[in-house]
Amino acid sequence: MAKKVGVSEATVSRVLNGKPGVSEATRRAVLSALDVLGYERPTQLRGERARLVGLVLPELQNPIFPAFAEVIGGALAQLGLTPVLCTQTKGGVSEADYVELLLQQQVSGVVFAGGLYAQADAPHDHYRQLAERGVPVVLVNASIDDLGFPGVSCDDAVAVEQAWRHLASLGHERIGLVLGPADHVPSARKLAAAQTMGELPDEHVARAMFSIEGGHAAASRLIDRGVTGIICASDPLALGAVRAARRKGLDVPSQVSVVGYDDSAFMNCTEPPLTTVRQPIEAMGRAAVELLNTQISGSSVTPEELLFEPELVVRGSTAQVPRP
């Protein structure tokens, strides 16, 4: 333990026994090392929260989540907080299981960057457990209404408006959407915004799991229904839409235009480079950490949602509508 922190064994002993003569910074460093190395705190220290913060992600395959983790983890480290990355895997540890583990470690707080809070029909008891324990929590991107946590979100309505206007300016009239499941709150916001933009029959809305394969299947249905411009709820969905068009022998963008959402890593390196709507990850991640740290410091935070403006990034996957 002393070697990990870079102090003497006597200093570690003084911290663990609650003795004076140790600076607050050193005491916190020793306790953080104790938590990171998995040792149980001495009984007299268990009332204090660890300098650990849970960072719970739904997956790492979508590049947007590692991007959020990098920003949030870096901002936490600058505050002397150690991020604990919790990534769900199919058939593995669930979000609720991670919450239980984090509570056992007496973490200072938890940041959720995507998760079950965005799905109306999913179980939410573990969030209420965090609220009952008074653990500071921040949610990244849209959540259901009654959880009572502060959050930071990219404005889904503005994102769809930007994408729709772009396609309409290129002459597209048959515009379709590839969205997540019906109970997914960000997808519901995108759909509501699209319905105010122009004609959107039900058959021009396709639901999918958030993956390239899901995007391929959903976009394939839209193309069969005559859609020429496709707005997708994530970049992997958009890559699936590009693949669907090509499998049908159609060119992107001269015959089918595709717009993604996120502007995650390498979207400028795809073929064609993907037109997408960029989430301001840096600003959102830093705001999430600021909201969390305010709570950790003992100040109250209004449980409201901060909305951040997205930015349309036009590349090579959109073009003028094909002429008959």
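A quick note: this is a predicted structure, and the numbers were derived from the prediction, not measured.

Calculation criteria
- Residues numbered from 1 in each chain as written.
- Predicted model: local features only at pLDDT ≥ 70, side-chain atom pairs only at ≥ 80, totals over all residues.
- Heavy atoms only, no water.
- Salt bridge = Lys/Arg side-chain N within 4 Å of Asp/Glu carboxyl O.
- Helix = DSSP H or I, 4+ residues; strand = E, 2+ residues; numbered from the N terminus.
- Buried < 20%, exposed > 50% of the residue type's maximum accessible area, 1.4 Å probe, protein only.
- Core = buried A, V, L, I, M, F, W, Y, C linked by side-chain atoms within 4.5 Å.
- Contact = heavy atoms within 4.5 Å.
- Right-handed = clockwise from strand over helix to strand, strands pointing away.
- Axes fitted to C-alpha atoms, helices over the stretch in contact; angles between N-to-C directions.
- Parallel < 35°, antiparallel > 145°, perpendicular 65-115°, else oblique.
- Left-handed = near helix turned anticlockwise from the far one by under 90°.

Draft legend 1. Quick look at the pattern of salt bridges. Summed over all chains, the structure comprises ten salt bridges. Glu-311 serves as the salt-bridge partner of Arg-278, at 3.4 Å between the closest nitrogen and oxygen. One end of the pair, Arg-278, is in strand β10 (residues 275–278); the other, Glu-311, is in strand β12 (residues 311–313), and 33 residues separate them in sequence. Among the ionic pairs, Glu-282 bridges to Arg-286, the shortest N-O distance being 3.0 Å. Of the two residues, Glu-282 and Arg-286 both sit in helix α11 (residues 281–296), four residues apart, roughly one turn of that helix. Since its relative accessible area comes to 44%, Glu-282 is described here as partly exposed. Arg-286 sits in the partly exposed class, given a relative accessible area of 36%. One connected set of salt bridges, linked through shared partners, spans Asp-263, Arg-278, Glu-311 and Arg-315.

Draft legend 2. Spotlight on the nonpolar core. In terms of nonpolar packing, the biggest core is built from 89 residues, with Val-110, Phe-112, Leu-130, Val-140, Val-178, Ile-230 and Val-258 touching the most fellow members. Here this core takes eight residues from helix α4 (residues 64–78), the largest share from any one element. Beyond its immediate stretch of four places on either side in the chain, Ile-230 contacts Leu-167, Gly-176, Val-178, Ala-219, Leu-222, Ile-223, Val-256, Ser-257, Val-258 and Val-259. Counting six residues, the second largest nonpolar core, distinct from the first, contains Ala-2, Val-12, Val-30 and Leu-31.

Draft legend 3. Local environment of the pairing of strand β3 (residues 109–113). With five of five residues buried, β3 is to be regarded as a mostly interior element. The alternating pattern of β3 places Gly-109, Val-111 and Ala-113 and Val-110 and Phe-112 on opposite faces, both of which are buried. Regarding the hand of the β-α-β motif, the stretch spanning β3, helix α6 (residues 125–133) and strand β4 (residues 137–140) is right-handed.

Draft legend 4. Inspection of the packing of helix α7 (residues 156–169) against helix α8 (residues 185–195) at higher detail. Two elements in contact, α7 and α8, have axes whose closest approach is 8 Å; the angle formed by their N-to-C orientations is 45°. Classified by the angle their axes make, α7 and α8 are oblique. Where α7 crosses over α8, the handedness of that crossing is right-handed. Taken together, the residues of α8 that come into contact with α7 (itself represented by Asp-156, Ala-157, Val-160 and Trp-164) are Pro-186, Arg-189, Lys-190, Ala-193 and Ala-194.

Draft legend 5. Main features of the environment of Pro-136. Along the chain, the position of Pro-136 falls in the loop between α6 and β4. Through-space distance from the C-alpha of Pro-136 to that of Ala-69 is 18 Å; in sequence the pair is 67 residues apart. If we skip the residues at most four places from it in the chain, Pro-136 touches Ser-108, Gly-109, Val-110, Leu-292, Gln-295 and Ile-296.

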